[in-house]
Amino acid sequence: MPKRLEKKADGAAEIGAPISEIFFSYQGEGPYAGMAQIFIRFAGCNLRCNYCDTPQGFIKNPEIFSVERLIKKVLSVRDNNKKKFNTKKPYISLTGGEPLLHIIFLRKFLAEITKLGFNIYLQSNGVLCESLKQIIKFVDIISMDIKLYSACKLDFLTAHKLFLSYALRSRIKDIFVKCVITKDTEGIEILEAAKAISTISKSVLFILQPSTDRRAAGLDKLFICREIAVKFLKNVYPMAQLHKIYKVR
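Novice: What exactly am I supposed to notice about the overall build of the chain here?
Specialist: Regarding its fold elements, the chain presents 8 helices and 9 strands. Whereas a compact globule of 249 residues would reach a radius of gyration of roughly 18 Å, the chain reaches 18 Å, a difference of no more than 12%. Overall, the C-alpha framework of the chain stretches about 60 × 35 × 35 Å when taken along its three principal axes. By residue count, 53% of the 249 residues in the chain fall in the buried class. Sequence separation of 24 or more characterises 76% of the internal contacts of the chain that already satisfy a separation of 6 or more. Of the roughly 12400 Å² of accessible surface on the chain, 53% is carried by carbon and sulfur atoms. Of the charged side chains in the chain, 40 are positive and 23 negative; the average position of the first set lies 4 Å away from that of the second.

Novice: What am I meant to see in the pattern of salt bridges here?
Specialist: Where charged atoms from two side chains of opposite charge come close, those side chains can pair. If you walk through the whole model with that rule in mind, you get 11 salt bridges. Residues Lys-133 and Glu-130 are paired through a salt bridge, measuring 3.1 Å at the closest nitrogen-oxygen approach. Of the two residues, Lys-133 and Glu-130 are both situated in helix α3 (residues 129-135); the distance of 3 residues between them amounts to about one turn of the helix. A relative accessible area of 37% places Lys-133 in the partly exposed class.

Novice: Looking at this structure, how should I read helix α5 (residues 157-169)?
Specialist: Residues spaced three or four apart along an α-helix face the same direction, because each turn holds 3.6 residues. When the terminal C-alpha atoms of α5 are compared, their 18 Å separation across 13 residues agrees well with the 18 Å that a helix rising 1.5 Å per residue should span. Buried-residue contacts for α5 involve β5 (119-124), α3, β6 (141-145), β7 (174-181) and α6 (187-198).

Novice: Help me understand the sheet that holds strand β4 (residues 91-95) in this model?
Specialist: The pairing of strands in a sheet happens through backbone hydrogen bonds and is either parallel or antiparallel. Taken in spatial order, the 9 strands of this open sheet run β3-β1-β2-β4-β5-β6-β7-β8-β9, and their pairing is mixed. Since the sheet does not close on itself, it has two edges, and those belong to β3 (63-66) and β9 (236-238), each with one partner. Taken pair by pair, the neighbouring strands of this sheet meet at an average axis angle of 30°, ignoring direction. Relative to β9, strand β8 (residues 206-210) runs parallel, the two sharing 3 bridges. Within the sheet, the bridge partner assigned to Ile-207 lies in β9 and is Tyr-237.

Novice: In this structure, what is going on with the pairing of β5? I would like to understand it.
Specialist: Each regular strand displays side chains that alternate between the two surfaces of the sheet. The element β5 is extensively covered by neighbouring structure, given that 6 of its 6 residues are classed as buried. Side chains Asn-119, Tyr-121 and Gln-123 of β5 all project onto a buried face; the interleaved residues Ile-120, Leu-122 and Ser-124 project onto the opposite face, where all are buried too. Bridge count between β5 and β6: 4 bridges; the pairing is parallel. From the neighbouring strand, Gln-123 faces β6, where its bridge partner is Ser-143. In this region the chain leaves β5, passes through α3 and returns to the parallel neighbour β6; the handedness of that crossover is right-handed.

Rules used in this analysis
Residues numbered from 1 in each chain as written. Predicted model: local features only at pLDDT ≥ 70, side-chain atom pairs only at ≥ 80, totals over all residues. Heavy atoms only, no water. Helix = DSSP H or I, 4+ residues; strand = E, 2+ residues; numbered from the N terminus. Rg over C-alpha atoms; globule rule 2.2 N^0.38 Å. Buried < 20%, exposed > 50% of the residue type's maximum accessible area, 1.4 Å probe, protein only. Contact = heavy atoms within 4.5 Å. Areas by Shrake-Rupley, 256 points an atom, 1.4 Å probe, with all protein chains shown as cover. Lys, Arg positive; Asp, Glu negative; His and termini not counted. Charge placed at Lys NZ, Arg CZ, Asp CG, Glu CD. Salt bridge = Lys/Arg side-chain N within 4 Å of Asp/Glu carboxyl O. Expected span 1.5 Å × (residues − 1). Pairing = 2+ DSSP bridges. Axes fitted to C-alpha atoms, helices over the stretch in contact; angles between N-to-C directions. Right-handed = clockwise from strand over helix to strand, strands pointing away.

Next up, the structure:
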């Protein structure tokens, strides 16, 4: 059973969030691969993609952290890995699951942790735009997924466009879009995704990431998808997950 949060002196319950992992590692995806980060993996997700490679995000009884306890843990991880960071403001990667499901907790946590000298790297499925609006002032970099129908059996392009549009209008340092390619990915899906993104920005980085499970796409499919996408977007690159290759967290 998850640990319960203690009540405050006035009897009110602490704000808590289910977290499955907190650890130091190096970013393994996208243009920031190799960046030393502190990872906070939130449990729970609003989607069920058939290629999901993070079962840790779905553990049945995740530990519940208060804001205060999570801050202490983050500071401990930072202090134990100080020599590995190449910036004065280490990056915290919010991942999952889907971090934006825990928006009330995030508002309070990010307001406090950013005062202590951290940058924020948000990994999101790109669906919960209204939640993004509530915390984007604390976020520096966004890794936004494009979820295809072949993987999730739902159409999220309208939600993705809203999410991307809002993020690009904000003052974050960077946002890039990532799409997982499997053997089931259809060319028409990539065409529709690239067209949708191009209506918001033709220059945003669009990463085609091959899945690493039994649904993995071959190189031919990966580069066919790229040829489709570059008809609409200027920056399209296939990129594998480095942490899968080197077998690290």
